[in-house]
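# Structural overview
Chain by chain, the residues run as shown.
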Amino acid sequence: MNYKSFSEFKSDLSEVRDKSRIIKAKTKSLETLREDKLATVYSGAIDYSKERLQTSPDPDKALIYVIDEIDRDAEKLIRQIEKLKEEIAPTVEFIEKRMDIGGEILRLYFLEGLRMVEVAKRVSYSESRTWEIWRKTIRDIYEKEFNQL
């Protein structure tokens, strides 16, 4: 990657944060997809005291349709997640290379999507000190990784 400016680099980091949040949301949707869709098949209450007649020549038709829909939706979500991961992979790589407190702060903030107050609690620093380390680490990565400034 080649950045024209430091602000362009920071903008890319913000995109990574947004895409990481989207990945998390889509992953959660993928995890609950089966239960959510199957619940729609059996959502009506059945009165077992009444005589029942088969109203459809294929009683499992709705279930088969829903299972097929689940598979298609799951494949679509997986493709979207993989595409987003590919888009952010270079930035994720240089964040994860950092094994210091700055790298952990960037990982929690950009990749986990936590608010800075939550990051500060996790790393046991004040919020202002965490912001300070955050800024220094971003500047340091920009200078080292991209030989800028």
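Structure: see above.
Only a predicted model underlies this, so the values are computations on that prediction, with no experimental measurement involved. (Residues numbered from 1 in each chain as written. Predicted model: local features only at pLDDT ≥ 70, side-chain atom pairs only at ≥ 80, totals over all residues. Heavy atoms only, no water.)

### Regarding unusual backbone geometry
Under the convention used in this document: Helix and strand definitions here come from DSSP, where helices need a minimum of 4 consecutive H or I residues and strands a minimum of 2 consecutive E residues; each element is numbered from the N-terminal end.
Positioned with a positive phi, S124 is a non-glycine residue whose angle comes to about 60°. One can find S124 in the loop between α4 (116-123) and α5 (127-146).

### What to know about helix α3 (residues 101-111)
Put simply, the rule reads: Each residue is assigned to one of three classes by its accessible area relative to the maximum for its type, calculated with a 1.4 Å probe on protein chains only: buried under 20%, partly exposed between the two thresholds, exposed over 50%.
Most of α3 sits inside the fold, with eight of its 11 residues counted as buried. Residues of α3 that are buried: G102, G103, I105, L106, L108, Y109, F110 and L111. At the C-terminal side of α3, G113 shows a positive phi close to 75°.

### Remarks on the nonpolar core
The condition is simple: Residues grouped as a nonpolar core are buried Ala, Val, Leu, Ile, Met, Phe, Trp, Tyr and Cys residues, joined through side-chain atoms within 4.5 Å. Here a residue-residue contact requires only that any non-hydrogen atoms of the pair lie within 4.5 Å.
Grouped together as the largest cluster of nonpolar side chains are 28 residues, with contacts concentrated most on F9, F110, W134 and I138. Contributing elements (two or more residues each) for this core: α1 (6-41), α2 (61-97), α3, α4 and α5. Excluding residues within four positions of it along the chain, I138 makes contact with F6, F9, K10, L13, L106 and F110.

### Let's talk about the packing of aromatic side chains
Quick reminder of the rule: Ring pairs are drawn from Phe, Tyr and Trp, using the six-membered ring of Trp, whenever the two centres fall within 6.5 Å, and their geometry is named by plane angle: stacked under 30 degrees, edge-to-face over 60, tilted for the rest.
A full pass over the atoms with the stated rule returns nine aromatic pairs. Ring centres of F6 and Y142 lie 5.2 Å apart, and the angle between their planes is 70°; on these two criteria the pair is classed as edge-to-face. Of this pair, F6 sits in helix α1 while Y142 sits in helix α5; the two residues are 136 residues apart in sequence, bridging distant segments of the chain. Comparing F6 with Y142, the two get one shared label, buried. Judged by centre distance (5.8 Å) and plane angle (65°), the rings of Y109 and W131 are edge-to-face. Remark: W131 occurs in helix α5 and Y109 occurs in helix α3; sequence separation between them is 22 residues.

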